[in-house]
Amino acid sequence: MDGGGSTDMTLAFELEALKRLARPEEVFSDARTWSEYVGVVSDKPTYVVTNFTRKNRIRQDFFSGPRGREESLENVKTQFDTDRHVFIGVSDEDEALAEEVDWEYLPVEQAAEAADWELGEAGDEADDDAEDGRDDWP
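The structure reproduced in this document is the subject of the present report. Everything numeric in this text was worked out from a predicted model, so none of it was measured.

Description of the packing of aromatic side chains
One pass over the full model with this rule turns up six aromatic pairs. Seen from their ring centres, phenylalanine 13 and tryptophan 117 are 5.9 Å apart, and the 45° between their planes marks the pair as tilted. Taken together, the positions of phenylalanine 13 in strand E1 (residues 9-14) and tryptophan 117 in the segment after helix H6 (108-115) put the pair 104 residues apart, joining distant regions of the chain. The rings of Phe13, Phe28, Trp34 and Trp117 are connected pair by pair, giving a single aromatic cluster.

A look at a negative patch on the surface
Together, Glu70, Glu74, Asp92, Glu95, Glu99 and Glu100 make up a negatively charged patch on the protein surface. Contributions of two or more residues to the negative patch are made by helix H4 (69-79) and helix H5 (92-100). The topology assignment puts aspartate 92 in helix H5.

A look at the pattern of salt bridges
Under the counting rule described, the total for this entry stands at 13 salt bridges. For glutamate 118, the salt bridge goes to arginine 23, with nearest N and O atoms at 3.0 Å. One end of the pair, glutamate 118, is in the segment after H6; the other, arginine 23, is in the loop between helix H1 (15-19) and helix H2 (24-32), with 95 residues separating them in the sequence. For arginine 23, a relative accessible area of 39% corresponds to the partly exposed category. Where glutamate 93 meets arginine 69, a salt bridge forms, and the shortest distance between an N and an O atom there is 3.4 Å. Placement of the pair is glutamate 93 in helix H5 and arginine 69 in helix H4, with a sequence separation of 24 residues. Residue glutamate 93 is classed as exposed on the basis of its relative accessible area, which comes to 53%.

Reading guide: rules and limits
- Residues numbered from 1 in each chain as written.
- Predicted model: local features only at pLDDT ≥ 70, side-chain atom pairs only at ≥ 80, totals over all residues.
- Heavy atoms only, no water.
- Phe/Tyr/Trp six-rings, centres within 6.5 Å; stacked < 30°, edge-to-face > 60°.
- Helix = DSSP H or I, 4+ residues; strand = E, 2+ residues; numbered from the N terminus.
- Patch = residues over 30% accessible without salt bridge, like charges linked within 9 Å, V, L, I, M, F, W, Y side chains within 5 Å.
- Areas by Shrake-Rupley, 256 points an atom, 1.4 Å probe, with all protein chains shown as cover.
- Salt bridge = Lys/Arg side-chain N within 4 Å of Asp/Glu carboxyl O.
- Lys, Arg positive; Asp, Glu negative; His and termini not counted.
- Charge placed at Lys NZ, Arg CZ, Asp CG, Glu CD.
- Buried < 20%, exposed > 50% of the residue type's maximum accessible area, 1.4 Å probe, protein only.

It is worth stressing that arrangement in space is one thing and function is another; only the former is reported here.
What follows is the structure, given as structure tokens:
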């Protein structure tokens, strides 16, 4: 995926979109070759995002933190002045959010096809119950 020729792009993944990819670390690494900034947004608590990114050795340029997704995307857009801001998500709600905050939207399946990323099998996602274990402590 080359973003239509422009590498001056900020790319945000909804956490659930990352969970649908077979190798999220490789996806982030690949996305960095054609994006200026890459990060994760989610309504989940900060430790859930941190736990997932640590387990998958993902270095993100930004994340939601304690803010909601809408506020996070708005803040990212003002902080990272790139030609394009693309949000990769999984649902109609994600698409509506992207439209609301003036980001381009791309479903994870379409992004995976365009970038030659492998989608994971159903059930490959991290166990949501394990998120409460808070194994992100030092």
